[in-house]
Amino acid sequence: MTDIKAQPFPFPLQREAAALIVIDMQRDFAEPGGFGASLGNDVSRITRIIPDVKRLIAGFRSAGLPVIHTMECHRPDLSDLPPAKRDRGNPSLRIGDKGPMGRILIAGEPGTAILPELAPIDGEIVIEKPGKGAFYATGLGDILMRKGIKQLVFAGVTTEVCVQTTMREANDRGYECLLVEEATESYFPEFKSAAIAMIQAQGAIVGWTAHIDDILEAIN
Ligand code: TIU
């Protein structure tokens with residue numbers, strides 16, 4: 001067992017049972033005209049983490065460890081979109097509406113795709129999820145169990161919405177969760193800091209957080 005330098009204390013890596021999960025690094029959250037922008041957010045914050053997420057993915061691939069990708073999206077007929085989610089707030093475009101990159105957050109549309117720099121390669125699992133958490137209404141739990149994965153290293157966006165929701169779901173299911181600080185981002189810097197603090201607090205109540213170089217050194 002190798003410990004990874006982490007907060008609030010070292011993460012006890014079980015290399016054979018660990019996987020990277022990259023949450024929702026989609027054009028819809030990172031590019032103008034997508035879902036994130038339709039909610040009034042400055043999406044340029046998200047693009048800044050692309051090089052670090054890319055480096056992290058490359059490190060897991062070269063270590064021979066699994067990389068799992070998630071995408072927040074809905075069926076074209078909207079049958080998996082609760083009206084409460086579609087109707088929430090006052091966005092300039094709602095989920096399912098046609099925007100400059102196709103229909104917002106709909107499976108198969110150009111804007112819903114994972115950013116090309118971070119695209120999955122053959123053999124990597126891609127989970128399409130209708131919720132903020134990646135365990136809700138997906139096959140993720142069964143897939144992880146079949147693969148013997150017990151530890152999840154988290155990257156992606158946004159820290160306090162889909163990343164933290166999925167970490168909490170995973171933590172309750174018995175996974176040990178480690179968030180990579182440079183490889184996650186929020187539209188709100190104060191929410192990213194708060195999410196990191198609340199994850200680590202109370203003796204890793206939700207999980208650990210660590211820096212990218214410490215993780216890559218431990219797995220390679
Ligand atoms: N709005 C926001 O911060 N996030 C989302 O809607 N989805 C994800 O975090 N992926």
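Reading the values: rules and limits
- Residues numbered from 1 in each chain as written.
- Predicted model: local features only at pLDDT ≥ 70, side-chain atom pairs only at ≥ 80, totals over all residues.
- Helix = DSSP H or I, 4+ residues; strand = E, 2+ residues; numbered from the N terminus.
- Rg over C-alpha atoms; globule rule 2.2 N^0.38 Å.
- Buried ≥ 20, exposed ≤ 12 C-beta atoms within 10 Å, placed from the backbone.
- Contact = placed C-beta atoms within 7 Å.
- Near = placed C-beta within 6 Å.
- Nonpolar A, V, L, I, M, F, W, Y, C, P; charged D, E, K, R; others polar.
- Core = buried A, V, L, I, M, F, W, Y, C linked by C-beta atoms within 7 Å.
- UniProt positions renumbered as here; feature names shortened; annotations may be inferred.
- Pairing = 2+ DSSP bridges.
- Axes fitted to C-alpha atoms, helices over the stretch in contact; angles between N-to-C directions.
- Parallel < 35°, antiparallel > 145°, perpendicular 65-115°, else oblique.
- Left-handed = near helix turned anticlockwise from the far one by under 90°.
- Right-handed = clockwise from strand over helix to strand, strands pointing away.

Labelled according to an unreviewed UniProt entry, the chain appears under the name Cysteine hydrolase, originating from Rhizobium tropici.

Here we take up the overall build of the chain. Assigned secondary structure in the chain consists of nine helices and ten strands. Expected size for 220 residues packed as a compact globule is a radius of gyration near 17 Å; at 17 Å, the chain falls within 12% of this value. Taken along its principal axes, the extent of the C-alpha atoms in the chain is 50 × 35 × 30 Å. Across the 220 residues of the chain, 42% fall into the buried class. Long-range pairs, those at least 24 residues apart, make up 71% of the contacts in the chain with a sequence separation of at least 6.

This part is about the site of the ligand. The environment of the ligand is formed by Asp24, Phe29, Leu39, Glu72, Lys132, Val157, Thr158, Val161, Cys162 and Tyr187. Partitioned by chemical class, the residues of the shell around the ligand number six nonpolar, one polar and three charged.

Attention shifts here to the nonpolar core. Core analysis: the biggest nonpolar cluster contains 57 residues, and Leu20, Val22, Phe154 and Leu178 have the highest contact counts within it. Of the residues forming this core, the biggest block, six residues, is contributed by strand β3 (residues 18-23). For Phe154, the contacting residues outside a window of four places in its chain are Ile21, Ile23, Val163, Met167, Cys177, Leu178, Leu179, Val180 and Thr184.

Okay, the UniProt feature "domain: Isochorismatase-like" (unreviewed entry) in the chain next. The feature "domain: Isochorismatase-like" (unreviewed entry), as given by UniProt, occupies residues 18-207 in the numbering adopted here. End C-alpha atoms of residues 18-207 are separated by 14 Å, and the span's content is 36% helix alongside 20% strand.

So, about the sheet that holds strand β7 (residues 125-129). Each strand in a sheet pairs with its neighbour through backbone hydrogen bonds, running either in the same direction (parallel) or in the opposite one (antiparallel). Strand order in the open sheet formed by six strands is β7-β4-β3-β8-β9-β10, with parallel pairing between adjacent strands. The sheet terminates laterally at β7 and β10 (208-210), the two strands that pair on one side only. Between one strand and the next, the sheet's axes are offset by a mean angle of 25 degrees, whatever the strand orientation. Where β3 lies against strand β8 (residues 151-157), six bridges are found, and the strand directions are parallel. Its bridge partner being in β8, Val22 is matched across the sheet by Ala155.

Bringing the packing of helix α7 (residues 159-172) against helix α8 (residues 189-204) into the picture now. Packing of α7 against α8 leaves a shortest axis separation of 10 Å and a crossing angle of 20 degrees. Classified by the angle between their axes, α7 and α8 sit roughly parallel to one another. Where α7 crosses over α8, the two elements pack in a sense that is right-handed. Contacts from Thr159, Glu160, Gln164 and Met167 of α7 reach α8 at Phe191, Lys192, Ala195 and Ile199. For the contact of α7 with α8, the per-class residue count stands at four nonpolar, two polar and two charged.

Attention now moves to the environment of Leu105. Mapped onto the elements, Leu105 comes out in the loop between β6 (102-103) and β7. Leave out the neighbours within four places in its chain, and Leu105 touches Asp28, Phe35, Glu72, Cys73, His74, Ile95 and Thr112.

When you tally the buried positions in β8, you get seven out of seven residues, the bulk of the element. Burial of the side chains of β8 extends over both faces: Gln151, Val153, Ala155 and Val157 are buried on one face and Leu152, Phe154 and Gly156 on the other. By the bridge criterion, six bridges tie β8 to strand β9 (residues 176-185) in an arrangement that is parallel. Opposite Val157, over in β9, you have Glu185 as the bridge partner. Regarding the hand of the β-α-β motif, the stretch spanning β8, α7 and β9 is right-handed.

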